[in-house]
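Residue strings, one per chain:
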Amino acid sequence: MREKAKRAVYRGKAAADSLGSLPAGGKFLVSVLVDAFDFAVGRIPGFGTLWDLVQTYLAYRLWGPAGLAAIWEVVDVTEQVDGFVPTVTLAGVLSEVAGR
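Parameters at a glance
- Residues numbered from 1 in each chain as written.
- Predicted model: local features only at pLDDT ≥ 70, side-chain atom pairs only at ≥ 80, totals over all residues.
- Heavy atoms only, no water.
- Phe/Tyr/Trp six-rings, centres within 6.5 Å; stacked < 30°, edge-to-face > 60°.
- Helix = DSSP H or I, 4+ residues; strand = E, 2+ residues; numbered from the N terminus.
- Buried < 20%, exposed > 50% of the residue type's maximum accessible area, 1.4 Å probe, protein only.
- Patch = residues over 30% accessible without salt bridge, like charges linked within 9 Å, V, L, I, M, F, W, Y side chains within 5 Å.
- Areas by Shrake-Rupley, 256 points an atom, 1.4 Å probe, with all protein chains shown as cover.
- Salt bridge = Lys/Arg side-chain N within 4 Å of Asp/Glu carboxyl O.
- Lys, Arg positive; Asp, Glu negative; His and termini not counted.
- Axes fitted to C-alpha atoms, helices over the stretch in contact; angles between N-to-C directions.
- Parallel < 35°, antiparallel > 145°, perpendicular 65-115°, else oblique.
- Contact = heavy atoms within 4.5 Å.
- Nonpolar A, V, L, I, M, F, W, Y, C, P; charged D, E, K, R; others polar.

Enquirer: So, the packing of aromatic side chains: which residues are in play, and what are the values?
Expert: How two aromatic rings sit relative to each other is given by the distance of their centres and the angle of their planes. Evaluation of the coordinates by the stated rule reveals 4 aromatic pairs. Ring geometry for F28 against W63: centres 5.0 Å apart, planes inclined by 45°, an arrangement best described as tilted. Residue F28 is found in helix 2 (residues 24–41), and its partner W63 is found in helix 3 (residues 47–63); the two are separated by 35 residues along the sequence. Assessed through its relative accessible area of 5%, W63 is described here as buried. Summarising the aromatic geometry, the rings of F37 and F47 are spaced 6.3 Å apart at their centres and angled 75° between planes, so their arrangement reads as edge-to-face. Taken as a pair, F37 in helix 2 and F47 in helix 3 lie far apart in primary sequence, 10 residues in all.

Structure representation (structure tokens):
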């Protein structure tokens, strides 16, 4: 049983590590999907805060230090405002603009 859990964690880590190697178009697609999920179900109290932490991790894996801008969403404990701001996508845009 523990071996299955270890393999599942490893697969999840390997998938997250591979996010940074996606081409820019793929990163933007993942960013839009993450933000759409945040808009749709990230407004549930409790779950939304947990999702904001996961979202920050994914944003960091996608866009590097610029993705840490997503941590501001944890501050909104009501989960009513942060879903309307596409933070991960904006972090990607800022990362691409700064990189050129």
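Enquirer: Run through a nonpolar patch on the surface, naming residues and quoting values.
Expert: Taken together, the side chains of F37, I44, F47, L50, L53, V54 and I71 define a hydrophobic patch exposed on the protein surface, amounting to about 600 Å² of accessible area. With 4 residues, the top contributor of residues to the nonpolar patch is helix 3. Looking at the secondary structure, you find I44 in the loop between helix 2 and helix 3.

Enquirer: Account for the side chain of D52, naming residues and giving values.
Expert: When you line up the elements, D52 lands in helix 3. An unpaired buried charge is present at D52: no salt bridge exists, and R43, the closest side chain of opposite charge, is 11 Å distant.

Enquirer: Would you mind going over the packing of helix 2 against helix 3 in detail, with residue names and values included?
Expert: Where helix 2 meets helix 3, the closest approach of the two axes is 11 Å, and the angle between their N-to-C directions is 170°. In this view, helix 2 runs roughly antiparallel relative to helix 3, as classed from their interaxial angle. On helix 3, the residues touching A24, K27, F28, V30, S31, V34, D35, F37, D38 and V41 of helix 2 are F47, W51, D52, Q55, L58, L62 and W63. When grouped by side-chain class, the residues that make up the contact of helix 2 with helix 3 number 11 nonpolar, 2 polar and 4 charged.

Enquirer: Provide a residue-level description of the environment of Y57, including the pertinent values.
Expert: Of note, Y57 is situated in helix 3. For Y57, a relative accessible area of 40% gives the class partly exposed. In this structure the C-alpha to C-alpha distance between Y57 and A70, which are 13 residues apart in sequence, comes to 8.6 Å.

This is a description of form; function is not addressed.
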